[in-house]
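Topology and contacts: notes
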Amino acid sequence: MRRFVKNIFVSSLAALVLVACADFNLFDGLKKASIEITGNTAYTVDTKGGNITFDLTSTKDWTVSSGQSWCKVAPSSGEKGTSLITIDVDENTTYDERNAKITFKSDTVTRIITVTQKQKDALLLTNNKVEVSDDECEVSIVVKSNMQYTCMIESSVAEWISVSDKSSTKGLKDSELVLKIKKNEGEKRQGKIIVRGGDIMNGIEETVTIYQSAAKPAITLTENEFVVG
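Structure report, in brief. (Residues numbered from 1 in each chain as written. Predicted model: local features only at pLDDT ≥ 70, side-chain atom pairs only at ≥ 80, totals over all residues. Heavy atoms only, no water.)

Taken as a whole and assessed by the stated rule, the structure comprises three aromatic pairs. Ring geometry for Tyr 43 versus Phe 54: centroids 6.4 Å apart, planes at 15 degrees, classification stacked. Of the two residues, Tyr 43 is situated in strand β2 (residues 42-45) and Phe 54 in strand β3 (residues 50-58); the sequence distance between them amounts to eleven residues. Judged on exposure class, the residue Tyr 43 and its partner Phe 54 are both buried. These aromatic residues form a ring-pair network of at least three members: Tyr 43, Phe 54, Trp 62 and Phe 104. Above the face of the Trp 70 ring, Arg 98 is positioned so that its terminal group lies 4.2 Å from the ring centre. It is Arg 189 that lies over the ring of Trp 160; its NZ or CZ is 4.2 Å from the centre. (Phe/Tyr/Trp six-rings, centres within 6.5 Å; stacked < 30°, edge-to-face > 60°. Helix = DSSP H or I, 4+ residues; strand = E, 2+ residues; numbered from the N terminus. Buried < 20%, exposed > 50% of the residue type's maximum accessible area, 1.4 Å probe, protein only. Lys NZ or Arg CZ within 6 Å of the ring centre and 35° of its normal.)

So this is what it looks like as structure tokens:
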């Protein structure tokens, strides 16, 4: 009789353990999904590209997708727990800023990280050399740029060359430099205009050289008639 009771007790205890394990697994399966990301949810990367790393902690298995081919994520999926995430960003060879959305998903929960990459800076002139006659004139030069730029004139030629311009700051857009050149009353001359975009250390610089012809030869008479013997 005692053996029978003991067997019943052991069987009941084993069944209780199994039920408890089943309940635990069931609870684990019903646990609400959550995703926690260390660091920022928005990153800015320079033109050359690079990589971003951070930790992701999830209560369930997760997957990730990138909205752009130039922005790659590894690993592409993972199990519950903490994982090290790496985002590799390719070099931007375009003249426009670009953006990518990195979407992490676990069950019905999503987390999004945005990556912004700076554009390739450009400062392109349609002409770097201008030749004009001695007469007063205006010359237009088209500037293709996606950043702000400034025009600097050599002090030695500022008295006969002036510039008006418009600036472009986003996308590779056209603007116009208008050079106003005064009439030349003397010898042939030349001057330079420097177009600079970006900062002093890492900016882009282009030079426009203006060549103006000498004044046309002329004979000046003080009288209308001369009597010759």
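Alright, that's what it looks like, and here's the rest.
What follows concerns the side chain of Asp 134. With respect to the helices and strands, Asp 134 occurs in the loop between β11 (129-132) and β12 (137-145). What Asp 134 contacts, discounting residues up to four positions off in sequence, is Lys 182, Lys 183, Asn 184, Gln 212, Ser 213, Ala 214, Ala 215 and Lys 216. (Contact = heavy atoms within 4.5 Å.)

Taken in spatial order, the five strands make up an open sheet running β2-β9-β8-β4-β6, and their pairing is mixed. Of all the strands in the sheet, the pair left with one neighbour each is β2 and β6 (77-78). Inspection of the sheet shows β2 paired to strand β9 (residues 109-117) by four bridges, in the parallel sense. Residue pairing in the sheet places Ala 42 in a bridge with Thr 114 of β9. (Pairing = 2+ DSSP bridges.)

We now examine the sheet that holds strand β1 (residues 35-37). Across the sheet, which stays open at both edges, the four strands sit in the order β1-β3-β7-β5 with antiparallel pairing between neighbours. Lying at the two open borders of the sheet, with one neighbouring strand each, are β1 and β5 (71-74). Ignoring strand direction, the axes of neighbouring strands in this sheet form an average angle of 25 degrees. Inspection of the sheet shows β1 paired to β3 by three bridges, in the antiparallel sense. Its bridge partner being in β3, Ile 37 is matched across the sheet by Leu 56. (Axes fitted to C-alpha atoms, helices over the stretch in contact; angles between N-to-C directions.)

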